[in-house]
Amino acid sequence: MREQLFAANWKMHKTLSEAVAFCDYLKAKMASDPNKKEVVIAPPFTALSAVAQILRGTTIRLAAQNVHDQPEGPYTGEIAAPMLAEIGCTYVIVGHSERRIHFNEMDDFIERKLKAVMKSGMRPILCIGELLTERERGATFSVVESQLSATLKNIHPSDLENIVIAYEPVWAIGTGKTATPDQIEEMHSFIRSLLGGRFGPKALENIRIIYGGSVTPDNIKGIMTSRDVDGVLVGSASLQPDTFLKIINWEL
């Protein structure tokens, strides 16, 4: 059975001191929690090193929110995968819709980022999903298929289990709108079917497909009871530790 994954994407929130306080609190709360779930924190770059120190020796994993595709070079303001790996990142988010929309990141660039992350021994959380206009004109499935095909075109089946796929309908990110459990299950089943056709059924045994899009303690149970959902990527609801803990412990 695939281990559930609960990832907190803080985006451009939290100062260094706020990030440290959050992680100290979460570490203390989870120390007595017997849950066998994987919890991931993605703070801003300024807090990565300090959070890495706090999380060392725990089961909570560290993620970066972004990465450049090159290992070094004249790219002012960018961060390379080897730098993130040295700090202690286990995961890196790539292809988030906010990077695609606000920074014009295209699938070919995202594909190179994904390979850079894996080359440095980390695991990418690959975000895919459709715009509201694309869903309204019936293009949801073709958009998702195109994104997966472009970003995974050079991935070997043996590497697939090191990738997490995050389905995030863009119209549900930060809007308060959430896809219905039926819509989520339909898309996750479609994604798993696509991957099975591309990589074979054996390659699908360990790959996790998680959902993101206005996840809250109120809707988490409906999301997690969908058969093909292996976890969630949480935005604003992950900014308060007690709220995030309620999502992690959704069965309680």
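Computed from a predicted structure; not experimentally measured. (Residues numbered from 1 in each chain as written. Predicted model: local features only at pLDDT ≥ 70, side-chain atom pairs only at ≥ 80, totals over all residues. Heavy atoms only, no water.)

### Overview of the pattern of salt bridges
Side chains bearing opposite charge may pair, as long as their charged atoms lie close to each other.
Item 1. Taken as a whole, this structure holds 15 salt bridges when the rule is applied.
Item 2. Note that Asp230 and Arg2 form a salt bridge whose closest N and O atoms lie 3.0 Å from each other. Taken as a pair, Asp230 in the loop between helix H9 (220-224) and strand S8 (231-234) and Arg2 in the segment before strand S1 (5-9) lie far apart in primary sequence, 228 residues in all.
Item 3. Two residues, Asp230 and Arg192, come together in a salt bridge whose shortest N-O distance is 2.8 Å. Highlighted residues: Asp230 in the loop between H9 and S8 and Arg192 in helix H8 (residues 181-199), separated in sequence by 38 residues.
Item 4. Classification of Asp230 as buried rests on a relative accessible area of 6%.
Item 5. Assessed through its relative accessible area of 10%, Arg192 is described here as buried. (Salt bridge = Lys/Arg side-chain N within 4 Å of Asp/Glu carboxyl O. Helix = DSSP H or I, 4+ residues; strand = E, 2+ residues; numbered from the N terminus. Buried < 20%, exposed > 50% of the residue type's maximum accessible area, 1.4 Å probe, protein only.)

### Structural notes on the side chain of Glu168
Item 1. Tracing the sequence through the fold places Glu168 in the loop between strand S6 (164-167) and H8.
Item 2. Within the buried core, Glu168 has no salt-bridge partner, and the shortest N-O distance to an opposite charge, that of Lys11, equals 6.3 Å. (Lys, Arg positive; Asp, Glu negative; His and termini not counted.)

### Some words on the pairing of S6
Item 1. Side chains of S6 alternate between two faces, with Val164 and Ala166 and Ile165 and Tyr167 buried alike.
Item 2. Two elements, S6 and strand S7 (residues 208-212), share four bridges in a ladder whose sense is parallel. Across the sheet, the residue bridging to Ile165 is Ile209, located in S7.
Item 3. In this fold, S6 hands off to H8, which returns the chain to S7; that crossover is right-handed. (Pairing = 2+ DSSP bridges. Right-handed = clockwise from strand over helix to strand, strands pointing away.)

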